[in-house]
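# Structure assessment
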Amino acid sequence: QVQLVESGGGLVQAGGSLRLSCTASGRTFSTYAMDWFRQAPGKQREFVATIVWSDSSTYLIDSVKGRFTISRDNAKNTVYLQMNSLKPEDTAVYYCAHRATLGSSYDYWGQGTQVAVPS
């Protein structure tokens, strides 16, 4: 079994920064990409960012481009989401998710970490 454990969430003032981490542990598994999602209160879960494990290519949604960065540390089996210039609309529970192959569905999810940016 594989576990994804997120950390790094918290309460931060608008304009502040947080770095989320998602560490994978358990049996050996292959990874195509690791993604970050978020779910704000009363809203559907939203894709935020992805990083392809083989070449570290990334994609982020427009609303976070220029403020968020996704990166990974292979040796630590960890993906990061650096969040700068946080806004109240970034308030959500953030989840990481694992994809084993291109085109596959997400096979593992973390438990989520809360980010709160009061207005």
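For the structure, check the block above.
Analysis parameters
Note on numbering: residues in each chain are counted from 1, in written sequence order. pLDDT decides what is reported in this predicted model: residues at 70 or higher carry local features, side-chain atom pairs at 80 or more are listed and counted, and totals for whole chains, interfaces and linings draw on all residues regardless. The side-chain quantities take in all heavy atoms of the structure and omit both hydrogens and water. Each helix corresponds to a stretch of at least 4 residues labelled H or I by DSSP, and each strand to a stretch of at least 2 residues labelled E; elements are numbered beginning at the N terminus. The globule rule is 2.2 Å times the number of residues to the power 0.38, and the radius of gyration it is compared with is taken over C-alpha atoms. Partly exposed residues are those whose accessible area sits between 20% and 50% of the maximum for their type, while under 20% is buried and over 50% is exposed, using a 1.4 Å probe and protein chains only. Residue contacts are counted whenever heavy atoms from the two residues lie within 4.5 Å of one another. Accessible areas in this description were obtained via Shrake-Rupley with a 1.4 Å probe; residue shielding takes into account the shown protein chains only. Criterion for a disulfide: a pair of cysteine sulfur atoms within 2.5 Å. A cavity here means a set of 1 Å grid points, computed over protein atoms only, where a 1.4 Å probe fits but cannot escape. A pocket is an open set with protein on both sides within 12 Å along at least 5 of 7 lines, and lining residues have an atom within 4 Å of a point. Grid points are joined across faces, edges and corners, and a volume is the space filled by probe spheres set on the points. Residues are grouped as follows: Ala, Val, Leu, Ile, Met, Phe, Trp, Tyr, Cys and Pro are nonpolar; Asp, Glu, Lys and Arg are charged; all remaining types, including Gly, are polar.

Of the regular secondary structure elements, the protein holds zero helices and eleven strands. Counting from the amino terminus, the protein carries its helices and strands in the arrangement β-β-β-β-β-β-β-β-β-β-β. The globule rule puts the C-alpha radius of gyration for 119 residues at 14 Å, and the 14 Å found for the protein is close to it. Taking the principal axes of the C-alpha coordinates as reference, the protein spans close to 40 × 25 × 25 Å. Buried positions account for 42% of the 119 residues belonging to the protein. Long-range contacts, defined here as pairs at least 24 residues apart, represent 52% of the contacts in the protein between residues at least 6 apart. Entry remark: accessible area of the protein is about 6,100 Å², with carbon and sulfur atoms responsible for 49%.

Let us look at the state of the cysteines. Per the stated rule, a full pass over the model turns up one disulfide. Covalent S-S linkage joins Cys22 and Cys96, the inter-sulfur distance amounting to 2.0 Å. Its S-S torsion of approximately 60° makes the covalent link between Cys22 and Cys96 right-handed. Pair noted here: Cys22 is in strand β3 (residues 18-26) and Cys96 is in strand β9 (residues 92-99), with a separation of 74 residues, a long-range link. The burial state of Cys22 is the same as that of Cys96; both residues are buried.

What follows deals with the layout of surface pockets. Here the largest pocket defines a volume of roughly 180 Å³. Lining the largest pocket are Arg38, Gln39, Ala40, Lys43, Gln44, Glu46, Ser63, Arg67, Glu89, Asp90, Thr91 and Ala92. Grouping the amino acids of the lining of the largest pocket by side-chain chemistry returns two nonpolar, four polar and six charged.

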